[in-house]
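The lines below spell out each chain.
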Amino acid sequence: MTLYRQLLLWMLVVLFSLTGAVFAIQFNTTKSYLIEQQSTELNNVVSSVGFALSPYLEAKDLISAESVINATFDSGYYSQVKLVLLDSKKEIIRQYPQLVQSVPNWFQSLVHIDAITQTRTLTSGWLQLADLTVTSSPASAYIQLWKATIQLLFGFITCLLLGAIVLSLVLNKVLKPLKQIQKKCSRNGPQPFHPFTTNTSYS
């Protein structure tokens, strides 16, 4: 293997390692952000729904309470909602199917995102009315993470190709004088050695 190919190969290995490390860091950062965002949104919706449900629960208006639940959680971002009335132990349970058609199954198996569950006791003053339990759906996080992964892979491949082209051009320029010397030596060939030839002149 020529010196040019050896240098290019090692530089490509270093470039691949650095780019791969950046890819892994960015992927994990995006995943952590989506999980944190899922938790924040779940906390906000549980708080807002709790305030909306409290007046209806205090008035024993279960029909209006079910309407609030259906209107709030029928969006695909949640997998289960459970409301348990503390005085009568009646339950209102809503389960929503989780379909992630735009994300490959192997990606979902390889990258595991857990659903988040929050439970909050709804009150009116000092009176405890019900327990509200909401479980988020990781479907949205999978979709966003898959899109981000595609963009990262595209950037990763683009950087490798551009890096290989730039390294090839730089090495060609740096090693050009060495190649010229090598060609000159190979063109002239080795000089013959005459052991009995001398330039000494005798008078």
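Right above here is the structure, for reference.
One structure accompanies this document, and this report is about it. It should be emphasised that the depicted structure is a prediction, and the values quoted were computed from it without experimental measurement.

## Comments concerning the pattern of salt bridges
Link 1 in the chain: One pass over the full model with this rule turns up three salt bridges.
Link 2 in the chain: The shortest N-O distance in the salt bridge between Lys-82 and Glu-91 comes to 3.8 Å.
Link 3 in the chain: Judged by relative accessible area, which is 27%, Lys-82 ranks as partly exposed.

## Section: the sheet that holds strand β1 (residues 78-85)
Link 1 in the chain: The strand order across the open sheet built from four strands is β2-β1-β4-β3, with neighbouring strands paired in antiparallel fashion. The open sheet has two free edges, formed respectively by β2 (91-95) and β3 (117-124), since each of these has just one partner strand. Adjacent strand axes in the sheet meet at a mean angle of 15° when their direction is disregarded.
Link 2 in the chain: Sheet topology note: the β1/β2 ladder contains five bridges and is antiparallel. If you follow Leu-83 over to β2, its bridge partner there is Ile-92.

## Considering the pairing of strand β4 (residues 127-136)
Link 1 in the chain: With respect to burial, β4 is a largely interior element, seven of its ten residues being buried.
Link 2 in the chain: Of the pairings in the sheet, the one linking β1 to β4 comprises seven bridges and is antiparallel in character. In the sheet register, Val-81 faces β4, and the bridge partner there is Val-134.
Link 3 in the chain: Pairing analysis gives eight bridges linking β3 to β4, with the strands arranged antiparallel. Bridging from a neighbouring strand, Thr-119 pairs with Thr-133 of β4.
Link 4 in the chain: Here β3 hands over to β4 after two residues, with Gly-125 in that stretch at a positive phi of 70°.

## Topic: the packing of aromatic side chains
Link 1 in the chain: Taken as a whole and judged by the stated rule, the model has seven aromatic pairs.
Link 2 in the chain: Summarising the aromatic geometry, the rings of Trp-106 and Phe-107 are spaced 6.0 Å apart at their centres and angled 85° between planes, so their arrangement reads as edge-to-face.
Link 3 in the chain: With centroids separated by 5.0 Å and ring planes inclined at 65°, the aromatic side chains of Phe-107 and Trp-146 adopt a geometry described as edge-to-face. One end of the pair, Phe-107, is in helix α3 (residues 105-110); the other, Trp-146, is in helix α4 (residues 139-174), with 39 residues separating them in the sequence. For the pair formed by Phe-107 and Trp-146, the shared burial category is buried.
Link 4 in the chain: Counting every residue linked through ring pairs, the aromatic cluster contains Phe-16, Phe-23, Phe-27 and Phe-156.

## Focus: the nonpolar core
Link 1 in the chain: Leu-53, Leu-57, Phe-73, Leu-83, Leu-132 and Val-134 are the most contacted members of the largest nonpolar core, which has 22 residues in total.
Link 2 in the chain: Only α1 (3-58), α2 (62-73), β1 and β4 provide two or more residues apiece to this core.
Link 3 in the chain: Broken down by element, the residue count for this core peaks at six residues, all from α1.
Link 4 in the chain: Not counting residues within four places of it along the chain, the set of residues in contact with Phe-73 comprises Val-45, Val-49, Tyr-78, Val-81, Tyr-96 and Val-134.

Rules and cut-offs
Residues numbered from 1 in each chain as written. Predicted model: local features only at pLDDT ≥ 70, side-chain atom pairs only at ≥ 80, totals over all residues. Heavy atoms only, no water. Salt bridge = Lys/Arg side-chain N within 4 Å of Asp/Glu carboxyl O. Buried < 20%, exposed > 50% of the residue type's maximum accessible area, 1.4 Å probe, protein only. Pairing = 2+ DSSP bridges. Helix = DSSP H or I, 4+ residues; strand = E, 2+ residues; numbered from the N terminus. Axes fitted to C-alpha atoms, helices over the stretch in contact; angles between N-to-C directions. Phe/Tyr/Trp six-rings, centres within 6.5 Å; stacked < 30°, edge-to-face > 60°. Core = buried A, V, L, I, M, F, W, Y, C linked by side-chain atoms within 4.5 Å. Contact = heavy atoms within 4.5 Å.

That is the geometry; function is a separate question.
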